[in-house]
Amino acid sequence: MAVVGAGLSGLVAARELARRDIGFVVLEAADRVGGRALSAPTALGSTVDLGGQWIGHDHHRLKALIDDLGATRYPMHTGSMPVLIDGPRRLTPAAPSVLTAAAALAGVAALARTGVPTRWNSQTLQTWLDRVPGRTARRLLELLALVSWTADLDRLSPYAMARMVRHQGGVRTMLATAGGAQDSLLVEGIGSLADRLAAGLGSRIRLGHRVDRVSASGGRILLDTTAGRFDAARAIITIPPPAASRIAFAPPLPPAIAGLQRNTVMGSAYKAVAVYPRPFWREGPGGEFIVLDDPGFAVFDSSPPGGPGHLTLLSAGPRARRLAELDPAARRNILLGPLRHHISSDVLEPAGWHEKFWHLDAFVGGGYSALPIPGTFEGIPPTASSPTGNLHWAGTETAADHAGYFEGAIESGLRAARETADELDR
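None of these values were measured; they are calculated from a predicted model.

**Examining the overall build of the protein**
Each helix and strand counted, the protein has 13 helices and 22 strands in total. Taking 22 Å as the expected radius of gyration for a compact globule of 426 residues, we find that the protein reaches 21 Å, a close match to that expectation. The principal-axis extents of the C-alpha atoms in the protein amount to approximately 70 × 50 × 35 Å. If you take every contact in the protein between residues at least 6 apart in sequence, the share linking residues at least 24 apart comes to 73%. In the form shown here, the protein has an accessible surface area of approximately 16,800 Å², with 53% of it arising from carbon and sulfur atoms. Side chains of the protein carry 43 positive and 39 negative charges; the gap between the two charge centres is 4 Å.

Laid out in structure tokens, this is it:
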């Protein structure tokens with residue numbers, strides 16, 4: 001057996017194969033495991049997540065894995081809603097622009113429940129947003145959409161958006177912290193789960209093995225990598241569809257799978273974590289903000305219990321790409337600067353600064369999940385995941401439950417491993 005990709009999906013699939021005494025090798029192009037999970041130590045002794053980090057309130061598989069691997073979960077420190085700031089002023093929930101944005105979000109929630117005509121798949125979110133009255137309301141909605149999906153708004157359709165909202169539990173679940181998709185975190189970081197899984201798999205993980213070609217020959221699968229050829233009875237492909245499109249498949253893949261790889265893209269995502277000796281912002285308005293000032297970003301208080309203060313900052317789409325043009329010091333100043341009016345000038349002097357541009361990662365290609373190109377349907381959940389001969393498909397994009405989250409990655413990895421085991425038993 002071969003597993004392509006050592007993200008959470010591939011590692012979970014490999015562990016399931018090991019439990020069933022099925023021989024395997026995991027082929028990973030990068031020099032690390034984890035894929036979209038990436039943790040880093042700080043100078044103050046804590047750990048920050050530079051990739052996905054949140055555990056949703058209903059992410060039962062992820063919680064079970066956390067317990068199984070002995071990691072420590074803690075609730076997000078959050079208020080009733082983030083503080084909306086525009087320069088030195090704060091927008092109240094009763095502000096006309098906020099009420100307009102709330103009405104638009106309510107419309108999205110209704111569309112997700114009732115369904116959207118397929119003809120809207122040829123339109124774009126940018127076209128819709130341009131119809132919303134009020135510049136501030138449009139900026140707020142744009143920022144929420146970018147941080148939620150990381151897609152340029154002229155590269156995502158209203159139809160795809162509504163389908164994804166429905167598949168991911170609704171608008172409230174997607175945007176909420178407590179009780180929602182950002183309910184809790186890990187003291188050790190999500191990346192620790194990948195490290196602990198990998199430790200149990202040992203030498204069966206081969207880093208620096210990028211798969212360039214997968215071919216069927218004599219009832220076997222041949223995988224040509226940058227470090228040699230591997231021969232397997234079956235293979236599980238767990239990498240994001242746009243990354244899999246760089247692999248040559250022989251014979252060619254069926255239209256549904258080929259279309260999924262060809263007609264999806266990864267969004268542009270930037271994440272930074274500022275680290276402080278303590279979370280001093282809790283003495284004031286808290287550490288949860290939506291910042292409308294250019295470049296526009298969201299801020300979360302991700303501080304571990306009893307530890308240093310962590311402020312997580314997220315920017316996406318064209319705004320993230322503009323940030324990539326700056327040097328680290330300039331980025332830090334432009335992102336922390338707007339917060340000084342609402343917290344204190346202490347926010348300008350973090351003890352540590354950690355950042356990651358996911359769209360510049362050669363192996364992942366972006367974040368958070370593959371997105372369908374307007375006018376196409378293959379990347380709209382639920383996506384194709386049926387086996388293709390001796391090839392099985394996993395990765396969060398293929399999940400029937402919580403696609404786009406680590407919960408979906410785990411679900412898909414377990415499903416693909418069990419499919420493979422069933423086929424080998426026949």
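Next comes the rest of the write-up.
**Considerations on the packing of helix α3 (residues 96-114) against helix α5 (residues 135-149)**
Look at α3 against α5: their axes get within 8 Å of each other, and the N-to-C directions meet at 45°. When the interaxial angle is binned, α3 and α5 end up oblique. By crossing handedness, the relation of α3 to α5 is classed as right-handed. Every residue of α5 that contacts α3 at S97, T100, A101, A104 and L105 is listed here: T136, A137, L140, L141 and L144. Taken together, the residues of the contact of α3 with α5 break down into 7 nonpolar, 3 polar and no charged.

**Section: the pattern of salt bridges**
Counted according to the given criterion, the structure contains 20 salt bridges. Measuring nitrogen to oxygen at the nearest pair gives 2.9 Å for the salt bridge that ties E397 to R36. Of this pair, E397 sits in the loop between β22 (391-393) and α13 (406-425) while R36 is found in the loop between β2 (25-27) and β3 (39-41), placing the two residues 361 residues apart along the sequence. Overall, R36 belongs to the buried group, its relative accessible area being 16%. Among the ionic pairs, R220 bridges to D231, the shortest N-O distance being 2.7 Å. Placement of R220 in strand β11 (residues 220-225) and of D231 in strand β12 (residues 228-232) is noted, with a sequence separation of 11 residues between them. Classification of R220 as partly exposed rests on a relative accessible area of 34%.

**Structural notes on unusual backbone geometry**
Cis geometry is found at the peptide bond from G367 to Y368, where omega equals -10°. Relative to the helices and strands, Y368 resides in strand β21 (residues 367-372). The amide bond that connects P381 to the next residue, P382, takes the cis arrangement and shows omega of -5°. Here P382 is to be found in the loop between β21 and β22. At D21, a residue that is not glycine, the phi angle is positive and equals roughly 60°. Overall, the relative accessible area of 74% leaves D21 in the exposed class. In this model, H402 sits at a positive phi of 60°, which is unusual for a non-glycine residue. Here H402 is to be found in the loop between β22 and α13. The class of H402 is buried, set by a relative accessible area of 11%.

**As for the layout of surface pockets**
For the second largest pocket, the calculated volume is near 400 Å³. Lining the second largest pocket are 23 residues, with A104, L105, V108, L141 and M161 sitting closest to its centre. Contributing elements (two or more residues each) for the lining of the second largest pocket: α3, α4 (125-130), α5, α6 (158-167) and α7 (171-175). Here the residues of the lining of the second largest pocket sort into 19 nonpolar, 2 polar and 2 charged.

**Observations concerning the sheet that holds strand β13 (residues 235-237)**
By definition, the strands of a sheet pair up through backbone hydrogen bonds, in either a parallel or an antiparallel sense. Pairing is parallel across the open sheet formed by 5 strands, whose spatial order is β9-β2-β1-β13-β22. Whereas interior strands pair on both sides, the edge strands pair on one side only; in this sheet they are β9 (205-206) and β22. The pairing of β2 with β9 spans 2 bridges and is classified as parallel. Across the sheet, the residue bridging to L27 is R206, located in β9.

**Regarding the packing of aromatic side chains**
Within this structure, the stated rule accounts for 8 aromatic pairs. A centroid spacing of 5.1 Å and a plane angle of 75° characterise the contact between W120 and W128, whose relative ring orientation is edge-to-face. Cluster of aromatic residues (ring-pair linked, three or more members): Y276, F280 and W281. When the ring centre of W54 is taken as origin, the NZ or CZ atom of K271, which lies over that ring, is 5.7 Å away. Lying over the aromatic face of W358, K356 brings its terminal NZ or CZ to 4.9 Å of the ring centre.

**Concerning the environment of Q168**
Mapped onto the fold, Q168 is located in the loop between α6 and α7. Remark: the alpha-carbon pair of Q168 and H402, spanning 234 residues in sequence, is separated by 5.6 Å. When neighbours within four sequence positions are excluded, Q168 is seen to be in contact with W149, T173, M174, A403, G404 and Y405. A polar contact is formed between the side chain of Q168 and the backbone oxygen of A403, at a distance of 3.1 Å.

**Let's talk about the pairing of β11**
Counting buried residues along β11, 5 of its 6 residues qualify, which places the element largely inside the surrounding structure. Pairing of strand β10 (residues 211-217) with β11, which is carried by 6 bridges, proceeds in the antiparallel orientation. From the neighbouring strand, V214 faces β11, where its bridge partner is L223. Remark: 2 residues form the turn of the hairpin made by β10 and β11, two consecutive strands paired antiparallel; G218 in that turn has positive phi of roughly 60°. As defined by bridge partners, β11 adjoins β12 across 5 bridges and the pair is classed as antiparallel. By the bridge assignment for β12, D224 is matched with R229. Connecting the antiparallel pair β11 and β12 is a turn made up of 2 residues.

The rules behind these values
- Residues numbered from 1 in each chain as written.
- Predicted model: local features only at pLDDT ≥ 70, side-chain atom pairs only at ≥ 80, totals over all residues.
- Heavy atoms only, no water.
- Helix = DSSP H or I, 4+ residues; strand = E, 2+ residues; numbered from the N terminus.
- Rg over C-alpha atoms; globule rule 2.2 N^0.38 Å.
- Contact = heavy atoms within 4.5 Å.
- Areas by Shrake-Rupley, 256 points an atom, 1.4 Å probe, with all protein chains shown as cover.
- Lys, Arg positive; Asp, Glu negative; His and termini not counted.
- Charge placed at Lys NZ, Arg CZ, Asp CG, Glu CD.
- Axes fitted to C-alpha atoms, helices over the stretch in contact; angles between N-to-C directions.
- Parallel < 35°, antiparallel > 145°, perpendicular 65-115°, else oblique.
- Left-handed = near helix turned anticlockwise from the far one by under 90°.
- Nonpolar A, V, L, I, M, F, W, Y, C, P; charged D, E, K, R; others polar.
- Salt bridge = Lys/Arg side-chain N within 4 Å of Asp/Glu carboxyl O.
- Buried < 20%, exposed > 50% of the residue type's maximum accessible area, 1.4 Å probe, protein only.
- 1 Å grid on protein atoms, 1.4 Å probe; cavity = no way out; pocket = protein on both sides within 12 Å on 5 of 7 lines; lining within 4 Å.
- Points joined across faces, edges and corners; volume = space filled by probe spheres on them.
- Pairing = 2+ DSSP bridges.
- Phe/Tyr/Trp six-rings, centres within 6.5 Å; stacked < 30°, edge-to-face > 60°.
- Lys NZ or Arg CZ within 6 Å of the ring centre and 35° of its normal.
- Polar contact = N/O pair within 3.5 Å; in protein donor to acceptor, adjacent residues only side chain to side chain.

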